[in-house]
Amino acid sequence: MRRFLLLAPVAVLLTAVVVVFATEYAMARPSHRAKNVPYVASSAPDFDKERHVLDVYSPKKAALSAAGYPVVLFIHGGSWTSGNKNIYSFIGRRLAKQGVVAVVINYRLAPPVHVPEQAADCARALAWTVANIKQYGGDPARVFVMGHSAGGGLAALLATDDALLAANGLPQNPVKGAIMDDPAGLDMYSYLKEMKYEGDAQYKVPFGNDPAVWKEMSPIYKIRPGIPPFLFYLGGETYPSISGSSGRFRDKLKAIGQPAPYIIIPGRHHIPMVLQLYWQHNVIYQGLLKMVGA
């Protein structure tokens, strides 16, 4: 009996692994992955062969529209100091399964670079997407951005900072909408001035010590009429700094006559807000598909 009890957890684990791999196989079949595509020229002086790359996930079936499928560029989180696109292949697969071309990117991490360089990397990835996504079945006129945690803050910059885009190959902002999944960094200026929470000093590693940079990299100060629509998903148990800055962002959007859907998912903590995207019929995908017109 004891031997059976010892083996039971192993059996459960093996069963879970089999289920996960079977699910991934089922999701991979209707999609194609182009892996480690450089979005910065290898001749560029700052080219990073590991971080200046992206993956494109495309439906294998041709789009019904000649223009192609809608496109979502996904930016990972990790406190601006960690993370990798390879962890989020499930998001690319799930989106492609549902009629969206997904672009999942890497960007340089802090240290040695800071958030302004990371934002520039994301802008360059967006410029690559607009210029090249047609050959992957995507519609360059329907490009949306999405991010979780630090990636949410970077995605919000792409949607709001036209000067950032113009400096990185995009004279006009192509972003048609932004999906925020428990976003961090929407107002780092206030956050780093207040330093309310234990461990806040760690965020000066990516943001530096200059308050002017904190403000420049905070998309809440770039809200103005004419920016793309936003869609927010917040965990009911997320960090107060995330719920607070997201709420202020929502209020500023409303003040310019551009109210944004703002969905709180009860009981969800910060990390599970991205992990739940493993499930194809998750509520976030439902709202995303409606926004992008998939």
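Everything discussed here concerns the structure shown above.
Every value quoted in this text rests on a predicted model; they were computed, and no experiment measured them. (Residues numbered from 1 in each chain as written. Predicted model: local features only at pLDDT ≥ 70, side-chain atom pairs only at ≥ 80, totals over all residues. Heavy atoms only, no water.)

Chemist: Talk me through the overall build of the protein chain; I want residue IDs and the actual numbers.
Modeler: Broken down by element type, the protein chain carries eleven helices and eight strands. In terms of its C-alpha atoms, the protein chain occupies a principal-axis envelope of roughly 65 × 50 × 40 Å. Contacts in the protein chain between residues at least 24 apart in sequence constitute 77% of all its contacts with a sequence separation of at least 6. Accessible surface computed for the protein chain: about 13500 Å², of which carbon and sulfur atoms make up 60%. Of the charged side chains in the protein chain, 30 are positive and 20 negative; the average position of the first set lies 10 Å away from that of the second. (Helix = DSSP H or I, 4+ residues; strand = E, 2+ residues; numbered from the N terminus. Contact = heavy atoms within 4.5 Å. Areas by Shrake-Rupley, 256 points an atom, 1.4 Å probe, with all protein chains shown as cover. Lys, Arg positive; Asp, Glu negative; His and termini not counted. Charge placed at Lys NZ, Arg CZ, Asp CG, Glu CD.)

Chemist: Quick one: what's the story with the sheet that holds strand β6 (residues 175-183), residue by residue and with numbers?
Modeler: Sheet architecture is open: eight strands sit in the order β1-β2-β4-β3-β5-β6-β7-β8, paired in mixed fashion. Since the sheet does not close on itself, it has two edges, and those belong to β1 (31-38) and β8 (262-265), each with one partner. With strand direction ignored, the average angle separating the axes of adjacent strands in the sheet is 20 degrees. Lying on the sheet, helix α3 (residues 115-132) is in contact with β1, β2 (53-59), β3 (69-75), β4 (101-105), β5 (138-149) and β6; it crosses β3 at an angle near 165 degrees. Along the sheet face, helix α9 (residues 240-255) touches β6, β7 (230-235) and β8 and points at about 155 degrees away from the line of β7. (Pairing = 2+ DSSP bridges. Axes fitted to C-alpha atoms, helices over the stretch in contact; angles between N-to-C directions.)

Chemist: For the pairing of β5, give the residues involved together with the corresponding values.
Modeler: Of all twelve residues in β5, nine are buried, a share of seventy percent or more. Direction of pairing for β3 relative to β5: parallel, over a ladder of six bridges. In the strand pairing of β5, Leu-73 is matched with Val-145. For β5 and β6, the ladder comprises six bridges, and the chain directions are parallel. Bridge pairing links Gly-147 to Met-180 in β6. (Buried < 20%, exposed > 50% of the residue type's maximum accessible area, 1.4 Å probe, protein only.)

Chemist: Provide a residue-level description of the environment of Gly-177, including the pertinent values.
Modeler: The residue Gly-177 is located in strand β6 in this model. Classification of Gly-177 as buried rests on a relative accessible area of 0%. Sequence separation between Gly-177 and Gly-138 is 39 residues, and the spatial gap between their C-alpha atoms is 16 Å. Ignoring any residue separated from it by four or fewer positions in sequence, one finds Gly-177 in contact with Val-143, Phe-144, Val-145, Pro-228, Pro-229 and Met-291.

Chemist: Can you tell me about the nonpolar core, naming the residues and giving the values?
Modeler: Grouped together as the largest cluster of nonpolar side chains are 62 residues, with contacts concentrated most on Phe-230 and Phe-232. Looking at which element gives the most residues to this core, the answer is α3, with eight residues. Apart from residues no more than four positions distant in its own chain, Phe-232 is found in contact with Met-180, Pro-183, Leu-186, Ser-246, Phe-249, Leu-253, Ala-260, Pro-261, Tyr-262 and Ile-263. (Core = buried A, V, L, I, M, F, W, Y, C linked by side-chain atoms within 4.5 Å.)

Chemist: Let's hear about unusual backbone geometry: which residues, and what values?
Modeler: With the exception of glycine, the majority of residues adopt a negative phi angle, and the majority of peptide bonds are in the trans configuration. The omega angle of the peptide bond from Pro-111 to Pro-112 is 20 degrees, so this bond is cis rather than trans. With respect to the helices and strands, the residue Pro-112 is situated in the loop between β4 and α3. With a phi close to 55 degrees, Asn-36 is a non-glycine residue in the positive phi region. Relative to the assigned elements, Asn-36 resides in strand β1. Among the residues examined, Asn-36 registers a relative accessible area of 38% and is labelled partly exposed. Despite not being glycine, Trp-80 has its phi angle at roughly 65 degrees, a positive value. Within the secondary structure, Trp-80 is located in the loop between β3 and α2 (89-97).

Chemist: Explain the packing of aromatic side chains residue by residue, including any values.
Modeler: One pass over the full model with this rule turns up 14 aromatic pairs. With centroids separated by 6.2 Å and ring planes inclined at 40 degrees, the aromatic side chains of Tyr-88 and Phe-90 adopt a geometry described as tilted. Classification of Tyr-88 by relative accessible area gives buried; the value is 10%. For Phe-90, a relative accessible area of 10% translates into the label buried. Here the aromatic rings of Phe-232 and Tyr-262 are separated by 5.6 Å at their centres, their planes lie at 40 degrees, and the arrangement is tilted. Of the two residues, Phe-232 is situated in strand β7 and Tyr-262 in strand β8; the sequence distance between them amounts to 30 residues. (Phe/Tyr/Trp six-rings, centres within 6.5 Å; stacked < 30°, edge-to-face > 60°.)

Chemist: I'd like to hear about the environment of Pro-228, residue by residue, with values.
Modeler: Structurally, Pro-228 can be placed in the loop between α8 (211-216) and β7. When the C-alpha positions of Pro-228 and Lys-176 are compared, they lie 5.5 Å apart, and in sequence the two are 52 residues distant.

Chemist: How would you explain the pairing of β4 if you had to name every residue and give the values?
Modeler: Within β4, five of the five residues are buried, which leaves it mostly tucked inside the rest of the structure. Neither face of β4 is left uncovered, since the one carrying Val-101, Val-103 and Ile-105 and the one carrying Ala-102 and Val-104 both have all their residues buried. Looking at chain direction, β2 and β4 are connected through four bridges and run antiparallel. By the bridge assignment, Asp-55 is partnered in β4 with Val-104. In terms of strand pairing, β3 meets β4 through five bridges, oriented parallel. Across the sheet, the residue bridging to Ile-75 is Ile-105, located in β4. Once the chain exits β3 it traverses α2 before rejoining the sheet at β4, and the crossover so formed is right-handed. (Right-handed = clockwise from strand over helix to strand, strands pointing away.)

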